[in-house]
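Residue strings, one per chain:
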Amino acid sequence: MNRMTRRGFFGVSAAAGSLTIGGLGTEVAETSGTCFPPLGPEAVGPRDPRYQALVTRAYNSRFSSQPEKVYMVGSADQIVRVVNEAVRNRKRVVVRSGGHCFENSVDNPDVKIILDISEMKSVYFDPERRAFAVEAGATLGQVYRTLFLGWGVTIPGGTCPSVGTGGHVVGGGYGALSHLYGSVVDHLYAVEVVVVDRSGRARTVVATREPTDPNRDLWWAHTGGGGGNFGIVTRYWFRSARARGNDPSALLPKPPSLLRQAGVAWQWPELTEQVLRKLLDNYTTWHLANPHANMHSGLSLLHRSAGEVRVDIQLDEDQPDAARLMTDYIAVISNGLGITPAIQNYTWPWLQSTLSNYPYLAGHRFKSKSALLRKPWSDRQIAVIYRYLSQSDDAEYSGSGAYLSHMGGAMNAVAPDATALPHRDAAFNSFYETAWVQPENDDLHLSWIRGLFGEVHSDTGGVPVPGPAHSGTLINYVDSDYADPRWNKSGVPWQAFYYRDNYPKLQRVKARWDPRDIFHNAMSIRPM
């Protein structure tokens, strides 16, 4: 069984859909905004046949909303008009791009206006800024396809192609190329944001990373501060910090042409706690010793009812001795297990592989939790994970599991305050997830995942308090339980897990650019 989560380490084949293709060479790609009048603003109310399709776009079906209107917008100017109207009428307004929010930041009964920017998806080269412009409604898949086919470049973002760039980037996204090239925000040159001043007037601001830019603090806040905090992102510009010249093909990282990939699986009937401990030791020891290796892998500890645990691996096929490196890596992680794994080896073009990952949870109910690790799980934590994963053969748990992916490398080469993303000391990201279909099973699954996570982190109040073992957690994996004393018994405020020492500066940025707290949710930055 080849089960992938929404992070889909490498996934299985799926249609990429209709995607925008950029220009070739150094040409500027034509966009819908330059050829035709932009869509909208289209106000869609409950009586409109489009309404249900728009309000049910949420990835997590645990949450829903019935806003007064959904506005389909096609430009920053249109967003300014809608926001001005919402502020004037005291209507809570939120934005949706890809729709992958884990919690109810958008799908909330308090929300009256949803700005749907999913049709703002142009990707093109901007010669004036010598950077690639990406409208915030474009999905990662659209961005990867256009950048690669147009100029042979990419950004080191996440592995799920249906995620929207609007929220992914501002949350400090990372992916399979991040150990080589850092977080996606390490390549962010500028951002265009609709903000609301103290008088209640909406306007568009462009902020860059240039040291002399008076708006630079707004750019900084969008390098890990999280969505729904400062305004509505309408456009990003990407150019690597050390890139020089005017040739677009030299301004962002180049991905591999071909990937050598492998899936290595061990069947649950053969797994003992000791075998799992040895596998985890093999995996974490190798990656701690090789943080800059041109290889990415993810460890999926699927629930017993799903049949297996597996490691999915990819490396650049063009590097010398790629086949031997793959063979040696599989031998290392398999060493001493006493079990012969099932191994699938194949090569695939980077673009096709990247676009093939798909979010199998779409339309499901789910709860996710995560913790960034500075060192591997302890034996006690592994024992807890093994117990929860092996407790039942009930197929109800087949969408449950714990996952581990390595970070480090270029991700750790940036100072924690250089961007709003503070977790530059993390070695691994641990992720826990359970998914189900029927609402009547909510309590069963919420109890399971809260029990697992709480016991894993029982030494620090049920949560990964930043310190010797943990770096906190990523705001893109937002989890409202951190703000609930029933689950966070550490006494450490939830902001410290996501933002650490950067939180006071983020509060100052919030006070400057959103002084009326127009853009807020249960887990948003509080004004200073």
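Structure shown above.
Position labels on residues start from 1 in each chain and follow its written sequence. Confidence filtering applies because this is a predicted model: local features only for residues at pLDDT of at least 70, side-chain atom pairs given and counted only at 80 or more, and all residues used for totals across whole chains, interfaces and linings. Note that water and hydrogens are dropped before the side-chain values are worked out from all heavy atoms of the structure.

### As for the overall build of the protein chain
Moving on, step 1. Only DSSP runs of H or I with at least four residues qualify as helices, and only runs of E with at least two residues qualify as strands; both kinds are numbered from the N terminus onward. If you tally the helices and strands in the protein chain, you get 14 helices and 17 strands.
Moving on, step 2. Considering only C-alpha atoms, the protein chain reaches an extent of 65 × 50 × 45 Å along its principal axes.
Moving on, step 3. By residue count, 61% of the 528 residues in the protein chain fall in the buried class.
Moving on, step 4. Whether two residues are in contact is decided by their heavy atoms, any of which lying within 4.5 Å being enough. Sequence-distant contacts in the protein chain: of pairs separated by 6 or more residues, those separated by 24 or more amount to 75%. Throughout this description, buried means an accessible area under 20% of the type-specific maximum (1.4 Å probe, protein chains only), exposed means over 50%, and partly exposed covers the range between.

### Digging into the pattern of salt bridges
Moving on, step 1. Any carboxyl oxygen of Asp or Glu that lies within 4 Å of a side-chain nitrogen of Lys or Arg is treated as forming a salt bridge with it. In total, this model carries 34 salt bridges according to the counting rule given.
Moving on, step 2. The partner of Glu135 in a salt bridge is Arg235, and the shortest N-O contact between them spans 3.8 Å. Of the two residues, Glu135 is situated in strand β6 (residues 131–135) and Arg235 in strand β9 (residues 232–238); the sequence distance between them amounts to 100 residues.
Moving on, step 3. Asp217 is the salt-bridge partner of Arg512, the closest N and O atoms lying 2.9 Å from each other. Of this pair, Arg512 sits in helix α14 (residues 503–513) while Asp217 sits in helix α7 (residues 216–221), and the two are 295 residues apart along the sequence.
Moving on, step 4. Residues joined by salt bridges that share partners form a network here, namely Glu103, Lys367, Lys369, Arg450, Asp479 and Asp481.

### Looking at the sheet that holds β6
Moving on, step 1. Spatial strand order, β5-β6-β9-β7-β8: five strands in an open sheet with antiparallel pairing. Lying at the two open borders of the sheet, with one neighbouring strand each, are β5 (123–126) and β8 (202–208). Strand-to-strand twist of the sheet, defined as the mean angle between neighbouring strand axes without regard to direction, takes the value 25 degrees.
Moving on, step 2. Contacts from helix α3 (residues 76–88) reach β7 (188–196), β8 and β9 within the one sheet, and its direction differs from that of β7 by about 35 degrees.
Moving on, step 3. Between the N-to-C directions of two axes lies an angle of 0 to 180 degrees, each axis being a line fitted to C-alpha atoms and, for a helix, fitted only over the stretch in contact. Helix α4 (residues 140–151) rests against β5 and β6 of the sheet, and its axis sits at about 50 degrees to β5. When DSSP locates at least two bridges between a pair of strands, those strands are taken to pair.

### Observations concerning the packing of aromatic side chains
Moving on, step 1. Two rings from Phe, Tyr or Trp (for Trp, the six-membered ring) form a pair when their centres sit within 6.5 Å of each other. Planes less than 30 degrees apart are called stacked, planes more than 60 degrees apart edge-to-face, and all others tilted. Going through the model one piece at a time under the given rule, you end up with 23 aromatic pairs.
Moving on, step 2. Each ring, one from Tyr59 and one from Phe366, has its centre 5.4 Å from the other, and the planes form 70 degrees; the classification is edge-to-face. Separated by 307 residues along the polypeptide, Tyr59 in the loop between α2 (51–55) and β2 (69–72) and Phe366 in strand β14 (residues 365–373) bring together distant segments of the chain.
Moving on, step 3. Centre to centre, the rings of Tyr397 and Trp448 are 6.2 Å apart; their planes meet at 45 degrees, and the pair counts as tilted.

### Observations concerning the nonpolar core
Side chains of nonpolar character tend, in soluble globular proteins, to be buried together.
Moving on, step 1. Take the buried residues of types Ala, Val, Leu, Ile, Met, Phe, Trp, Tyr and Cys, join any two whose side-chain atoms come within 4.5 Å, and each joined set is a nonpolar core. Val83, Trp266, Leu301 and Trp377 are the most contacted members of the largest nonpolar core, which totals 138 residues.
Moving on, step 2. For Trp266, the residues in contact, after removing those within four places along its chain, are Leu271, Leu279, Gly307, Glu308, Val309, Arg310, Val311, Ile333, Ser334, Leu337, Ile339 and Pro341.
Moving on, step 3. Ranked by size, the runner-up nonpolar core spans ten residues in total, among them Tyr51, Val55, Val106 and Ile114.

### Digging into the pairing of β5
Moving on, step 1. Bridging between β5 and β6 involves four bridges; their strand directions are antiparallel. Opposite Val123, over in β6, you have Val134 as the bridge partner.
Moving on, step 2. Between β5 and β6, which pair antiparallel one after the other, the connecting turn spans four residues, and Arg130 there sits at a positive phi close to 50 degrees.

### Notes on the side chain of Arg62
Moving on, step 1. Within the secondary structure, Arg62 sits in the loop between α2 and β2.
Moving on, step 2. Charge counting treats Lys and Arg as positive and Asp and Glu as negative, with His and both chain ends excluded. There is no salt bridge for the buried Arg62, and the closest opposite charge comes from Glu103, which lies 4.7 Å off by N-O distance.
Moving on, step 3. For the purposes of these results, a polar contact is taken to be a pair of N or O atoms within 3.5 Å, where, inside protein, one atom must be able to donate a hydrogen and its partner to accept one; residues adjacent in sequence count only when each atom of the pair is a side-chain atom. A polar contact is formed between the side chain of Arg62 and the backbone oxygen of Phe366, at a distance of 3.3 Å.
Moving on, step 4. Filtering out sequence-adjacent residues up to four positions away, Arg62 remains in contact with His364, Arg365, Phe366, Lys367, Trp436 and Leu446.

### Comments concerning the environment of Ala522
Moving on, step 1. Inspection of the secondary structure puts Ala522 in the segment after α14.
Moving on, step 2. Owing to a relative accessible area of 54%, Ala522 belongs among the exposed residues under this scheme.
Moving on, step 3. Spatially, the C-alpha atoms of Ala522 and Tyr329 are 43 Å apart, while their sequence positions differ by 193 residues.

### Thoughts on the packing of helix α8 (residues 273–289) against helix α11 (residues 379–389)
Moving on, step 1. Where α8 meets α11, the axes come as close as 10 Å, and the angle between the chain directions of the two elements is 125 degrees. For the element pair α8 / α11, the angle class is oblique. The two elements α8 and α11 cross, and the hand of that crossing is right-handed. Contact residues: α8 offers Glu273, Leu276, Arg277 and Leu280, while α11 offers Asp379, Ile382, Ala383 and Tyr386.
Moving on, step 2. Taken together, the residues of the contact of α8 with α11 break down into five nonpolar, no polar and three charged. What sets the label is the angle itself: under 35 degrees gives roughly parallel, over 145 gives roughly antiparallel, 65 to 115 gives roughly perpendicular, and the rest give oblique. Helix crossings fall into two classes, left-handed where the near helix is turned counterclockwise from the far one by less than a right angle and right-handed where it is turned clockwise. Classification used: nonpolar for Ala, Val, Leu, Ile, Met, Phe, Trp, Tyr, Cys and Pro, charged for Asp, Glu, Lys and Arg, polar for all others including Gly.

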